[in-house]
Amino acid sequence: GANVAGQDGKRAGVVDYLKKTAQGPQAEKPGHIFLIVCESYANWTLLPEYQDLNIANGLKGIIQQPDADYVSTFLPNGMSTISGVLGIVTGLTDVNLYLNYNQEAYQGPFPTAIAPQLKKLGYQPRFWYAGPNSWERIKDFTQAQGFEDFYGRGDFESQTGNVWGCDDKYLFNAVLANINPDKPSFNVILTVSNHSPYTVDLQKEGFDREKVIAGLPPKLRDNEELIKQLGHFWYADKMMAQFVATVRQKYPDSLFIIVGDHADRLNLETTPGLYKRYGIPFVAYGKGVTKDTFPEWAAGSHINVGPTLLELVAPKDFSYYSLGESLTRGNGFGMNYGFWITRNYIGSADSAAAELIAGGNPADKPSWEKIEKDIESLRAVSWWLAKRKSE
């Protein structure tokens, strides 16, 4: 009998260890929340040395707003879209379990899952995807993890697209057309246009080729394939920013969180450093957000999205569960299956080697022992929860 009690004690312990108490809302209570997960939105496009490329002006414009804040040191949960989705939806870090194909994930939401926790706060959780419902079991999986509504390609009007899904414009139109002003909602929106095969009619969408070519190094200016890729980045950024502006106008009390799903699809340099290669942006925009919402040293990864969102909107003393800490509470460390990041350094998850991030402080190099310990404990807890050993 002692053994069983010990197991139960351990189970309770893991979940208790993840329990947090909200510090009180950082944003004015939004009527609607939009978490936009942008396909292949790499952070390097926002760096000063690429300002003349003109492919990320939409997000840059949002970041410049007085009620927006931006974390430039942020990592995806993995190298693929589904890995990012799993990290955001479950709040668990990637431990090579492919949760969307694991029976444990279909026994109900994990304690750290984001949808049920936002539902507790009165937001109807809805998931919007430009692609087919069957892709990576995304519909079944997100619904098993607490999303009440799922809309994929085929559930709304779309005229152009490719094998991955409809052009982003139609996805955003569908979300816009289905906002119920009287029913607070939490919407996760997963885009697909910034992905090969690059099939958007860029000319029709108003793409100014010359403006982008002018920002390229001379040796790349004749690279048609690259220009087409950059054009799709431009299109995805423009559609996202247009959607945000329209919603903001119609529903001024909305809160937007904008994050990349992963990077590493497109780089102008042949051998970019780890930061340029893997970093994605994290942006919060809405009433009550200020330039001080996230401290200067903030850094994170997809497991920090849920707790950050909860701390932005939850009333003081609301209890929630998360593996990651909120960026509003000064979280300064992000990790995934292969890498870790802080405000000043980025490195590999399995060696002490680290690269200084441009503009970072060389004196602020974290100890490898501590990093290794943090990574191991986050992975252990994720594995324990994913295998449902904590219930």
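Quick look at the structure, then. (Residues numbered from 1 in each chain as written. Predicted model: local features only at pLDDT ≥ 70, side-chain atom pairs only at ≥ 80, totals over all residues. Heavy atoms only, no water.)

**Some words on the layout of surface pockets**
Point 1. Counted as a void, the largest pocket has a volume near 580 Å³.
Point 2. As for the largest pocket, its lining consists of 29 residues, and the residues nearest its centre are Leu-47, Tyr-70, Ser-72, Tyr-275 and Arg-343.
Point 3. When residues of the lining of the largest pocket are traced back to their parent elements, those giving at least two are helix 2 (57-63), strand 3 (68-71), helix 9 (274-278) and strand 17 (354-356).
Point 4. Tallied by class, the residues present in the lining of the largest pocket amount to 14 nonpolar, 7 polar and 8 charged.
Point 5. Within this model, the second largest pocket holds a volume of roughly 420 Å³.
Point 6. What lines the second largest pocket is a set of 22 residues, and nearest its centre among them are Glu-325, Asn-331, Phe-333, Asp-374 and Leu-378.
Point 7. Residue assignment for the lining of the second largest pocket shows that the elements contributing at least two residues are strand 14 (334-335) and helix 11 (368-386).
Point 8. Sort the elements by how many residues they give to the lining of the second largest pocket and helix 11 lands first, with 5 residues.
Point 9. Tallied by class, residues from the lining of the second largest pocket come to 9 nonpolar, 9 polar and 4 charged. (1 Å grid on protein atoms, 1.4 Å probe; cavity = no way out; pocket = protein on both sides within 12 Å on 5 of 7 lines; lining within 4 Å. Points joined across faces, edges and corners; volume = space filled by probe spheres on them. Helix = DSSP H or I, 4+ residues; strand = E, 2+ residues; numbered from the N terminus. Nonpolar A, V, L, I, M, F, W, Y, C, P; charged D, E, K, R; others polar.)

**Focus on helix 3 (residues 81-90)**
Note on helix geometry: an α-helix contains 3.6 residues per turn, so any two residues three or four positions apart are oriented the same way.
Point 1. Burial runs high along helix 3: 10 of the 10 residues are buried.
Point 2. Positive backbone phi, at 80 degrees, marks Gly-91, one or two positions downstream of helix 3. (Buried < 20%, exposed > 50% of the residue type's maximum accessible area, 1.4 Å probe, protein only.)

**A word on the sheet that holds strand 5 (residues 124-129)**
Point 1. Strand order in the open sheet formed by 7 strands is 3-11-10-2-9-5-6, and the pairing between neighbours is mixed. The open sheet has two edge strands, strand 3 and strand 6 (149-151), and neither has a second partner. For this sheet, the mean inter-axis angle between neighbouring strands, taken without regard to orientation, is 15 degrees.
Point 2. Alignment of strand 3 against strand 11 (residues 282-286), held across 4 bridges, turns out to be antiparallel. Within strand 11, the position partnered with Ala-68 by the bridge is Tyr-285.
Point 3. Lying on the sheet, helix 8 (residues 224-250) is in contact with strand 2 (32-38), strand 9 (185-190), strand 10 (255-260) and strand 11; it crosses strand 2 at an angle near 175 degrees. (Pairing = 2+ DSSP bridges. Axes fitted to C-alpha atoms, helices over the stretch in contact; angles between N-to-C directions. Contact = heavy atoms within 4.5 Å.)

**Describing empty space enclosed by the protein**
Point 1. Here the structure, examined in full by the defined rule, presents 3 cavities of 30 Å³ or more.
Point 2. Approximately 80 Å³ is the volume found for the largest cavity.
Point 3. Lining the largest cavity we find Ser-40, Ala-42, Trp-44, Asn-194, Tyr-198, Gln-229, Phe-233, Ala-263, Arg-265 and Leu-266.
Point 4. Its residues assigned to classes, the lining of the largest cavity shows 6 nonpolar, 3 polar and 1 charged.
Point 5. In this structure, the second largest cavity spans a volume of roughly 50 Å³.
Point 6. Lining the second largest cavity are Ile-88, Gly-91, Thr-112, Ile-114, Gln-117, Ile-303, Gly-306, Pro-307, Leu-310, Tyr-321, Ser-322 and Leu-323.
Point 7. When contributions to the lining of the second largest cavity are tallied by element, the ones reaching two or more residues are helix 4 (114-120) and helix 10 (305-313).
Point 8. For the lining of the second largest cavity, the element with the highest residue contribution is helix 10, accounting for 3 residues.
Point 9. A class-by-class count of the residues in the lining of the second largest cavity yields 7 nonpolar, 5 polar and no charged.

**What about the packing of helix 6 (residues 168-177) against helix 8?**
Point 1. The interhelical angle for the contact between helix 6 and helix 8, taken along N-to-C directions, is 15 degrees, at an axis separation of 9 Å. Looking at the two axes, helix 6 sits roughly parallel to helix 8. In this structure, helix 6 crosses over helix 8, and the sense of that crossing is right-handed. For the pair formed by helix 6 and helix 8, the contact residues are Asp-168, Lys-169, Phe-172, Val-175 and Leu-176 on the first element and Tyr-235, Ala-236, Met-239, Met-240, Phe-243, Thr-246 and Val-247 on the second. (Parallel < 35°, antiparallel > 145°, perpendicular 65-115°, else oblique. Left-handed = near helix turned anticlockwise from the far one by under 90°.)

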